[in-house]
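Observations on chain architecture
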Amino acid sequence: MPVEHPDALPAARRPHRLSGGLPGLLAPGATTDPYRLRLYRLLRTDYPLGYDPALGAWLLSRYADVALALTDPRFTGYPHDGAPRGRAPVPLGLCRGNLVCGPLTVPWSTAAPAVERTAYVLARRIAGRERADLVADFCRWLPAGAAAAAAGLAHQDLSTLPRGARHRHALGGAGDCTGTTALREHALASFLANMLDDPDLLAAATAGEPRGDGSGSLLGRAWAETLRRDPPVQIVLRRTRTEVAVSGGTLPADAPVACLIGAAGRDPARFAAPDRFDPLRADADPLLIGPAGCPAALLGRLEAEHGLRALLTAMPGIRWADGFRPVAGGLLTRGPRALLVRPS
C-alpha cells in the first residue's frame, strides 16, 4: 500500500490546534472541507488518538481503529445505552442504527417501481431547461417523492409537497431508517457528482452497464464506492465499555469515541489511491457502507441507479454547466451543495 507523507500546509489553511497540537475537528474551516484542509490526513498520520474537547470525544481516524470501534463488542452506542450494541446495526452509511430495523411496510414490488417512476417524472421536468441544479430539482425530491408515490400521491402533486411533510411519507415502518430522507439526498448528490465527473462511466452506464470484473453491476459498485469516498455521515459516535488499545494508545473505559468515517474511508493503509473514485477497485470494503439489509441502504441504491438511468434517458447529453465544479460541504453530514448541469 502507498505510504502517506503529509505535506507542509499553507498558513491560511492550517487547522486550528488544540493543546498538544491536535487539530480541532470543529474549528472554523474544518467543518467546511476537512479533505482540502488535509485535516483527516494530519489526524491519521500525527494524531491517531486524541481528545477533542469541543466535540467531547476521543478521535479515531485510521481505518483499522474505526473498524475496531464499529465491530468490537467492547464498544457500544453513544450517547445512551439504548443505541446500537452487539449485533444491532451501527449507524453507518444511510442506516441510522435503530435497534429494530424493520422491513418495508410497502412491498418491495411496489417500492422499486415507485422509485423508477418518480425518477423519470423528475428527469423529464428538468430535460427542457437550459440549466438545472440537480440537488434542488432532483436529489431533494426523488427520495421523498418515491415514498409519496408508493403511498398513493399523484405525480402532479409532488412539486407542491412541503419539505417538512415529505419526511412523513416513509416506505417503511417506525423502526427503520426510511422516514428521514436527508442522508439519501446527500448520498444521491455525491453519487451523481462522481458519475458526471467521469464521461467513461456515464458512457458505460448508457451502454447497458457491463458487469466490470464480475463481482457486481457497475452502478452498484459505483454506489458503494461513493459511500466509501464521500460518505454522507462523516462521524459515528461510539462509547467504550472497557479500556481498549488502538494504534495511537489506549482509550479509557466509558469514554465517548468519534469514529471519523470520512478519514477512515480514505486511509492509504487500507485503500490504494484512496482519493480516487474507482468503482472497479480491487480493495473495496463493505464495512463502511452500513448494514446490507437496512431499508434505507436498499432504497438509497435504488434511487441512485434509477435516478441516473432516468437522467441519462431524458438527457443523454447532460454535462456540467459551463465553469461549474461541484463543491461538497459539511462535517457531521456531507454532500454537494449544488450540481449545476446543462441538460442538453
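Throughout what follows, the structure given in this document is the object of discussion. Please read all numbers here as calculations on a predicted model, not as lab measurements.

Here we take up the nonpolar core. If you look at the biggest cluster of nonpolar residues, it comprises 68 residues, and the most contacted ones within it are Leu-134, Phe-138, Phe-191, Leu-192, Met-195 and Leu-308. Broken down by element, this core gets its largest block of residues, nine residues, from helix H7 (residues 182-196). With 14 residues, the next largest nonpolar core counts Leu-43, Tyr-47, Ala-57 and Leu-331 among its residues.

Buried within helix H1 (residues 39-46) we find Leu-39, Tyr-40, Leu-42, Leu-43 and Arg-44. As for H1, its buried residues are in contact with strand E2 (57-60), strand E8 (256-260) and helix H10 (261-264).

Turning next to the side chain of Arg-229. With respect to the helices, strands and loops of the structure, Arg-229 is situated in helix H9 (residues 218-229). Those residues within four positions of Arg-229 in sequence are excluded, and the remaining contacts are Tyr-35, Asn-194, Arg-266, Pro-274, Asp-275, Arg-276 and Phe-277.

Two packed helices can be described by the angle between their axes and the distance between those axes. One way to put it is that H7 packs onto H9 with a least axis distance of 9 Å and a crossing angle of 115°. Viewed along their axes, H7 and H9 adopt a mutual orientation that is roughly perpendicular. With respect to the hand of their crossing, H7 and H9 are arranged in right-handed fashion. Seen from H7, the contacting residues are Ala-187, Leu-188, Ser-190, Phe-191, Asn-194 and Met-195; seen from H9, they are Leu-219, Ala-222, Trp-223, Thr-226, Leu-227 and Arg-229. Residues of the contact of H7 with H9, tallied by class, amount to eight nonpolar, three polar and one charged.

Turning to helix H8 (residues 199-206), its buried residues are Leu-201, Leu-202, Ala-204 and Ala-205. Seen from one end, H8 has its buried residues packed into an arc of 160°, which puts them on one side. Facing away from the buried side of H8 by more than 90 degrees, the exposed set consists of Pro-199, Asp-200 and Thr-206. Buried positions along H8 lie against H7, H9 and helix H11 (295-314). Its side-chain oxygen at 3.0 Å from the backbone nitrogen of Asp-200, Asp-198 defines the N-terminal cap of H8.

The element E8 is largely enclosed, with a buried count of five among its five residues. Bridge analysis of E2 against E8 gives three bridges, and the strand direction is parallel. Pairing of Leu-59 across the sheet is with Ala-258, part of E8. Sheet analysis places strand E5 (residues 235-240) next to E8, joined by five bridges and oriented antiparallel. Pairing of Val-236 across the sheet is with Cys-259, part of E8.

Glancing now at the packing of aromatic side chains. Throughout the structure, instances matching the rule amount to five aromatic pairs. With centroids separated by 6.0 Å and ring planes inclined at 70°, the aromatic side chains of Phe-191 and Trp-223 adopt a geometry described as edge-to-face. In this pair, Phe-191 sits in helix H7 while Trp-223 sits in helix H9, placing the two residues 32 residues apart along the sequence. The burial state of Phe-191 is the same as that of Trp-223; both residues are buried. The interplanar angle of 55° and the centroid separation of 5.4 Å between the aromatic rings of Trp-320 and Phe-324 together place this pair among those described as tilted. By relative accessible area, which is 13% here, Trp-320 ends up buried. Just above the ring of Tyr-63 sits the side chain of Arg-270; from NZ or CZ to the centre is 5.4 Å.

Conventions used here
- Residues numbered from 1 in each chain as written.
- Predicted model: local features only at pLDDT ≥ 70, side-chain atom pairs only at ≥ 80, totals over all residues.
- Heavy atoms only, no water.
- Core = buried A, V, L, I, M, F, W, Y, C linked by side-chain atoms within 4.5 Å.
- Buried < 20%, exposed > 50% of the residue type's maximum accessible area, 1.4 Å probe, protein only.
- Helix = DSSP H or I, 4+ residues; strand = E, 2+ residues; numbered from the N terminus.
- Contact = heavy atoms within 4.5 Å.
- Axes fitted to C-alpha atoms, helices over the stretch in contact; angles between N-to-C directions.
- Parallel < 35°, antiparallel > 145°, perpendicular 65-115°, else oblique.
- Left-handed = near helix turned anticlockwise from the far one by under 90°.
- Nonpolar A, V, L, I, M, F, W, Y, C, P; charged D, E, K, R; others polar.
- Arc of directions from axis to C-beta.
- Polar contact = N/O pair within 3.5 Å; in protein donor to acceptor, adjacent residues only side chain to side chain.
- Pairing = 2+ DSSP bridges.
- Phe/Tyr/Trp six-rings, centres within 6.5 Å; stacked < 30°, edge-to-face > 60°.
- Lys NZ or Arg CZ within 6 Å of the ring centre and 35° of its normal.

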